[in-house]
Amino acid sequence: MDILIKSFNRPYYLDRCIQSIVLKSQNLDFKIVVLDDGTPQKYLDKLLEKYPKINILKSDLYKEKSYAIANDFQNINSKIPIDLWINSAKNASNYFLLIEDDFWFTKAFNLKKFRLNLEADKIKILKLCWLGNSKLLPETNSSFNKIYAIYSPNLYTEKPYLFNLIFRINRFKIRKILTYFNIYSEDRFLKYYTIYATSGAIFKKKYFLNLWKNHKNSVDEGLQLFNAVKFIDKKKKSSNFGYSNNELMKTGFLSSASNQNKVFKNVAIDMFVFNKIINEAWYTNDFHAIENYPNDLNSNKIEELLIKSNNPLAQVVEWKKWVQAFKNQYIAFGCKID
């Protein structure tokens, strides 16, 4: 089974991610493929020295983005490398694990056992991480085995046009009206995430590619959920999904890959500047990504590095405010954050 890792400008987290795979894997029956979108080459070279068996694939905009990052440009192309993700999935094993660079394993796993069971049970997605949020899991399960639970979707509607009307379209006060008549609710909407995941899961290739139909070069979770519902509707009740008996991974909350999508009110920090400080410390062995494992990165060391750098665009007080605001987004809808 292949492991695909989305990566952009955080070699310290990527190092931790790969180290955790090496530490926790119970067999070597997998291939690690890093899908990189602009991490400067010297950092990738260091990772290749440490993990010579990994394969690094680069996006079409890799040269432009890595040059901009290395030269401290303010405006970096924000286009998402969807083509890289889709083409890599097409060339991957029939079942593959997809994770972000800031995920890491905390418990032992055996991908060979997973693959054999997933094929037998015809699972479309097996979630390995859900941040302790029961809303992202089904209320009932059809069966258990030694490594995961199996379930068929239990959704408010499995008709694509009704899903669109109730949960996706929000024009002309439709959402407000549907909420008044107890048709739309956030909890009902979140149940659709039992048949969907952005990462932290093992995907069947065909199902993953189905999620990305008509993507128009943008990450539209509503569209992907719609595609998932269409798939379920066609298959009727024959589609099985699963989640591991225990969460096998954690994810980081101490940085962002860029300044996009995580700008908080009254918080002034430049994540490109922050990452350059931590990247360079990691590169010179002044920062060790595995410290504080299996919990998130060593925040005390990060504070020390920020104080030493004394860059006005990456001050400790602003970083702490940013981290709390970032965590609060997930806590608000039921996730449990260490």
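Residues numbered from 1 in each chain as written. Predicted model: local features only at pLDDT ≥ 70, side-chain atom pairs only at ≥ 80, totals over all residues. Heavy atoms only, no water.

How two helices pack is summed up by the angle between their axes together with the distance between the axes. Two numbers describe how helix α1 (residues 11-24) lies on helix α2 (residues 41-50): the axes approach to 10 Å, and their chain directions differ by 15°. When the axis of α1 is compared with that of α2, the two are roughly parallel. In the crossing of α1 with α2, the sense of the turn from one axis to the other is right-handed. Across the interface between the two elements, P11, L14, D15 and Q19 of α1 pack against Y43, L47 and K50 of α2. Partitioned by chemical class, the residues of the contact of α1 with α2 number four nonpolar, one polar and two charged. (Axes fitted to C-alpha atoms, helices over the stretch in contact; angles between N-to-C directions. Helix = DSSP H or I, 4+ residues; strand = E, 2+ residues; numbered from the N terminus. Parallel < 35°, antiparallel > 145°, perpendicular 65-115°, else oblique. Left-handed = near helix turned anticlockwise from the far one by under 90°. Contact = heavy atoms within 4.5 Å. Nonpolar A, V, L, I, M, F, W, Y, C, P; charged D, E, K, R; others polar.)

You can see Y12 is positioned in helix α1. Take Y12: its relative accessible area is 1%, and that puts it in the buried class. For the pair Y12 and Y193, spaced 181 residues apart in sequence, the C-alpha separation works out to 29 Å. In this view, Y12 contacts S255, F274, N275, I278, N279, W282, F287, A289 and L297; residues no more than four positions away in its chain are not counted. (Buried < 20%, exposed > 50% of the residue type's maximum accessible area, 1.4 Å probe, protein only.)

In this fold, S244 is placed in strand β10 (residues 240-244). Given the relative accessible area of 1%, S244 is considered buried. Reaching out from S244, the side chain makes a polar contact with the backbone oxygen of N246 at a distance of 2.6 Å. Excluding anything up to four places from it in sequence, S244 contacts L126, K127, L128, W130, I147 and Y148. (Polar contact = N/O pair within 3.5 Å; in protein donor to acceptor, adjacent residues only side chain to side chain.)

As a further point, take the pairing of strand β3 (residues 55-58). It is a general feature of regular strands that their side chains alternate between the two faces of the sheet. Bridge count for strand β2 (residues 31-36) against β3 is four bridges, and the pairing is parallel. Its bridge partner being in β3, D36 is matched across the sheet by K58. The parallel pair β2 and β3, bridged by α2, forms a crossover whose chirality is right-handed. (Pairing = 2+ DSSP bridges. Right-handed = clockwise from strand over helix to strand, strands pointing away.)

Another point: the pattern of salt bridges. Across all of its chains, the model carries 16 salt bridges by this definition. Linking E119 and R115 is a salt bridge whose minimum nitrogen-to-oxygen distance equals 3.9 Å. Of this pair, E119 and R115 both sit in helix α5 (residues 111-121), four residues apart, which is roughly one turn of that helix. The class for E119 is partly exposed, based on a relative accessible area of 37%. (Salt bridge = Lys/Arg side-chain N within 4 Å of Asp/Glu carboxyl O.)

Read these as spatial facts, not as claims about activity.
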